[in-house]
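# Architecture at a glance
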Amino acid sequence: MSRRALRRLRGEQRGQEEPEGPEEEPQQPEPSSRKNRGNRKLLEERGLSNPFQLITETDEEPHSDPNVGRAAQSRLSDEEEPDGQENQQNGGSEAAIAEAAPSNKAKKKKKKRKAKKASPANSQPDGALEGGDDLENIDSILESIENTNGFTYQSQNNGSTDSRPLLYVEHRSLNPETELKKYFGSRAVMGEQRQRQRQRPHHRSTWLTSPQNTWPRFSKTGITMSLLETKRGVQYFTFEHQRDYQQVQFKFLDAVESMDPNNIVLLLQGNPYHVDSLLQLSDVCRLQEDQEMARDLVERALYSLECAFHPVFSLTSGTCRLDYCRTENRGFFLALFKHMIFLEKRGCPRTALEFCKLILSLDPENDPLCMLLLIDYLSLRAREYVFLRRMYEEWESHRNLSQLPNFAFSVPLAVLQYSQQEEVSEPEQGTAYGRASHLLQQALIMFPGVLLPLLEACGVQPDAAVASHAFFGTVAQISQPAALSQLISLYVGRCHSLWKDPAIMSWLEQNVREVLRMVDSSEPIVKECEARRKIRYQSAPRNVHRHVILSEIKGTNAALPLEVTSQPVLSFDPLPPLDSVVSYTRPERTNRPSNEGTLSLFFRSLLPNFNLQGEALAEGDEAGAVQDLNRGVNRLMAAMRDMLANIQFQEPPREDNQDEEADAEWD
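The numbering scheme is per chain: residues are counted from 1 as the chain's sequence reads. Restriction of local features to residues with pLDDT of at least 70 applies here, the model being predicted, together with a cutoff of 80 or more for giving and counting side-chain atom pairs; totals for whole chains, interfaces and linings are based on all residues. Hydrogens are left out, water is left out, and the side-chain values use all remaining heavy atoms of the structure.

By the secondary structure assignment, Ser 379 is in helix α15 (residues 375–381). Contact partners of Ser 379, with chain neighbours within four places excluded, come to Leu 353, Glu 384, Phe 387 and Leu 388. Numbering of helices and strands runs from the N terminus; a helix is a DSSP stretch of H or I covering at least four residues, while a strand is a stretch of E covering at least two. What makes two residues a contact is simply this: any of their non-hydrogen atoms within 4.5 Å.

Here, a salt bridge means any side-chain nitrogen of Lys or Arg that lies within 4 Å of a carboxyl oxygen of Asp or Glu. Counted under the stated rule, the structure contains 18 salt bridges. Put simply, Glu 170 and Arg 164 hold a salt bridge, and the shortest N to O gap is 2.9 Å. What makes Glu 170 buried here is its relative accessible area of 18%. A salt bridge links Glu 514 to Arg 517; its shortest N-O distance comes to 2.4 Å. Here Glu 514 and its partner Arg 517 are both found in helix α23 (residues 502–520), 3 residues apart, which amounts to about one turn of the helix. Using a 1.4 Å probe on the protein chains alone, a residue whose accessible area is under 20% of its type maximum counts as buried, one over 50% counts as exposed, and one in between counts as partly exposed. Accessibility expressed as a relative area gives 27% for Glu 514, which makes it partly exposed. Residue Arg 517 is classed as partly exposed on the basis of its relative accessible area of 45%. A cluster of three or more residues bridged by salt bridges with shared partners is formed by Asp 283, Arg 286, Lys 338 and Glu 552.

It is worth spelling out the pairing of strand β3 (residues 223–231) at this point. In this sheet, strand β4 (residues 234–241) lies alongside β3 in antiparallel orientation, the contact comprising 8 bridges. Paired with Ser 226 across the strands is Thr 238, a residue of β4. Between β3 and β4, which pair antiparallel and follow one another directly, the connecting turn spans 2 residues, one of which, Arg 232, has a positive phi of 55°. Any two strands with at least two DSSP-identified bridges between them are counted as paired.

Here the focus is the packing of aromatic side chains. When we look at a pair of aromatic rings, we describe it by the centre distance and by the angle of the planes. For this analysis, a ring pair means two rings from Phe, Tyr or Trp (six-membered ring only for Trp) whose centres lie within 6.5 Å, classed as stacked if their planes differ by under 30 degrees, edge-to-face if by over 60, and tilted for the remaining angles. Counted according to the given criterion, the structure contains 17 aromatic pairs. Taken together through their ring pairs, the aromatic side chains of Phe 237, Phe 239, Phe 309, Phe 313 and Phe 332 make up a single cluster. Ring-over charges, as used throughout, are those where CZ of Arg or NZ of Lys falls within 6 Å of the ring centre and within 35 degrees of the ring normal. The side chain of Arg 300 reaches across the aromatic face of Tyr 273, ending 6.0 Å from its centre. Lying across the ring of Tyr 324, Arg 330 places its NZ or CZ 5.8 Å from the centre.

What follows is the structure, encoded as structure tokens:
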């Protein structure tokens, strides 16, 4: 039906017709009852029975009722907004028709914009970009969320607000190739890998490691992760071992007790992604100088654990926690630590620092692997001086970082290195240099036993006045507690290479002379630090011993106490916590072939219920009889053991004419 026929059906006059032009936007439908009523009345007046008969009619003027015309006109004014020129000029030219439709649409858009401006939520000042307030609202919402989780920190250096948490981890910084590209370029790093990308099988995308083509095909290992609880914006997770993985774990413990690495290799052939087996075999390869294979096994263990992550577990947020007391979580801590050590030896200190922050963020309160003894060294190696200064300023109040020898000496070295950078202004350089000297003097007064071992490790001959002085001499080495000696040997063995620069040695010499002047003048701070050394450092906590064992720095294991060295240390679980949480236990082994002798096996073949320890396998009423039988057998075995021990075999006496007697017998 044409538009003209529809206007006739509505009862409109010819003067009210709108010139034909491009179709406008669809109008809202009229209420069905009102529309049908007008259509029926129009058909009755024309004597028609079907609305489609209007198509065949001529263009004559319809005889419409004036009331119906007014109703149609009111509907038209409600539905459409005709232009003023269209109402005055009837049947204009095509150019006028073409200009009328765009003007109508433009007016509608203007009205919509005016309606948006009238609302208070969308009101904007002149010259502002559209949507600016929405962006500001989103930023304010995100800022409030960060503040509730404790993500915002105030820097004490320049007063600026850093929205990132202290232990924030960047995803791209976890990839060592990102750091290697800065040193050698992308062509040197990615040259061989680009040739293999076409032949590379599909692997799951991960952040901690990059899957290799030589790895076995990954399938479900039986490790999952669950969310335990959420407290104050911090989420607590834990790994869980399914029944199949538990059976593999029991086989692994049997293989470790056998003291044969070949048994672990056989276990990995059937279970190529068993975490503890990979970590144990990695240590075996490292002891055999196969560093490449050792690193590959650790990366495979990390890949297996990352594939089991919970959907909401985040590596970068710094709010996800894992309890080291749970046995299932220790493999992840140890795999991260070993991977970090390989990265540092590979020449990627920046990537190793990110992994160090990741390990510390998993349990910053307890710090089970004592990453605070290592994070300063990696920060200096990676030249992240601002991060080390910020950590010292923010954690000193509640963690007493100045009471650790590594922080006491590394922080002034970081301040000194920061002051020598080109982007630092001259006034700031002078201030930083003075602060670094003050911090180093405090460190020398608090830990005088560091100086001579540090100079010896650097190959520097100390001055005669310094070596013979009682404050820095041999007396200071002997009088300090054993726990403090262990921390000092750990720091010197790890960080002595950072002090070999001649400029740093000259700066150290100047501050040593100033400290000797303060000691000779008997300033109060010297006696205060001496009293602190006597009270503190009586015994090192268990996490420090665990860190020393994992670090394997020469000379540090000798300072371990007897209670640590007397017990066996397993590389896949060194020094487990005393309050360990065990979710499943290993079943007792029924056969003990290593403790049984020939007689025990003989009696077991005769009596299946026989047990050397006097235990019976029977239950119920027969248990007492079986125990009596075992006691009797044990007494019999003891008697036979004594008899066999006292048996002496004597050789028959030899005679001189033995050959003659033999010849006589034959005669």
